[in-house]
Amino acid sequence: MNNFTHFDTDGNALMVDVHDKSDTHRIAVASGKIYMSRDAFMAVKEGTVKKGDVLSVARIAGIMGAKKNSDLIPLCHNITLTKCEIDFVTDEDTYSITVICTASCVGKTGVEMEALMGVNIALLTIYDMCKAIDRGMVMGDIHLLNKEGGKSGYYEYNRNNS
């Protein structure tokens, strides 16, 4: 049995038909991290990056990215988000910034991809704004933290079970 939902019986790519699904409130939370040099981290923290307020710009970019998800991922449905929020956690011990994106909607399909897109675009924006200070930044640990709503119910990430 084929467990992939984005292919027909002949193996052709398709957008999943969700017309029979019920509209439910759906929420997804994703996160990712960027590691940088001490100089870049302190410039972000102190607000001295020449391009401007890095985290404010990354927040707006992440929200815009989540809203444009279906324009970039070919088989994703166009979802009207009811909320999208980008938060940051800075860690001076590792010179890293964690991006957390929460996306929600009322609809027939989930918002996991929108939350993941928001994280990725925010991370890329941080990189772009800080690359003059540190071109060796590393982005990673991008994953879905949790999601709720719809037929499959609640999911929570557990590194030991993935």
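Here is a short report on the structure shown in this document. Quick caveat, the model's predicted, so the values are computed rather than measured.

Describing the side chain of Ser 70
Looking at where Ser 70 falls in the secondary structure, it is placed in helix H3 (residues 69-72). Not counting the four nearest positions on each side in its chain, Ser 70 is found in contact with Cys 76, His 77 and Asn 78.

Examining the nonpolar core
Core analysis: the largest hydrophobic core is formed by 35 residues, its most contacted members being Met 36, Val 44, Val 54, Phe 88, Ile 97, Val 99 and Ile 126. Looking at this core, the elements with two or more residues in it are strand S1 (24-35), helix H1 (38-46), helix H2 (54-67), strand S2 (83-91), strand S3 (96-107) and helix H4 (112-130). Looking at this core, the element that brings in the most residues is H4, giving eight residues.

Notes on unusual backbone geometry
Backbone geometry at Tyr 95 places phi at a positive 50°, although glycine is not the residue there. In this fold, Tyr 95 is placed in the loop between S2 and S3. Note on Tyr 95: relative accessible area 26%, which makes it partly exposed. Located in the positive-phi region is Asp 141, a residue other than glycine, with phi close to 50°. Tracing the backbone through its elements, the reader meets Asp 141 in strand S4 (residues 138-148). Relative accessible area serves as the criterion here: at 39%, Asp 141 is assigned to the partly exposed category.

Considering the environment of Thr 109
Structurally, Thr 109 is set in the loop between S3 and H4. Residues Thr 109 and Asp 141, 32 residues apart in the sequence, show an inter-C-alpha distance of 25 Å. Once residues lying within four places of it in the same chain are set aside, the contact partners of Thr 109 are Val 18, Arg 26, His 77 and Ile 79.

Rules and cut-offs
Residues numbered from 1 in each chain as written. Predicted model: local features only at pLDDT ≥ 70, side-chain atom pairs only at ≥ 80, totals over all residues. Heavy atoms only, no water. Helix = DSSP H or I, 4+ residues; strand = E, 2+ residues; numbered from the N terminus. Contact = heavy atoms within 4.5 Å. Core = buried A, V, L, I, M, F, W, Y, C linked by side-chain atoms within 4.5 Å. Buried < 20%, exposed > 50% of the residue type's maximum accessible area, 1.4 Å probe, protein only.

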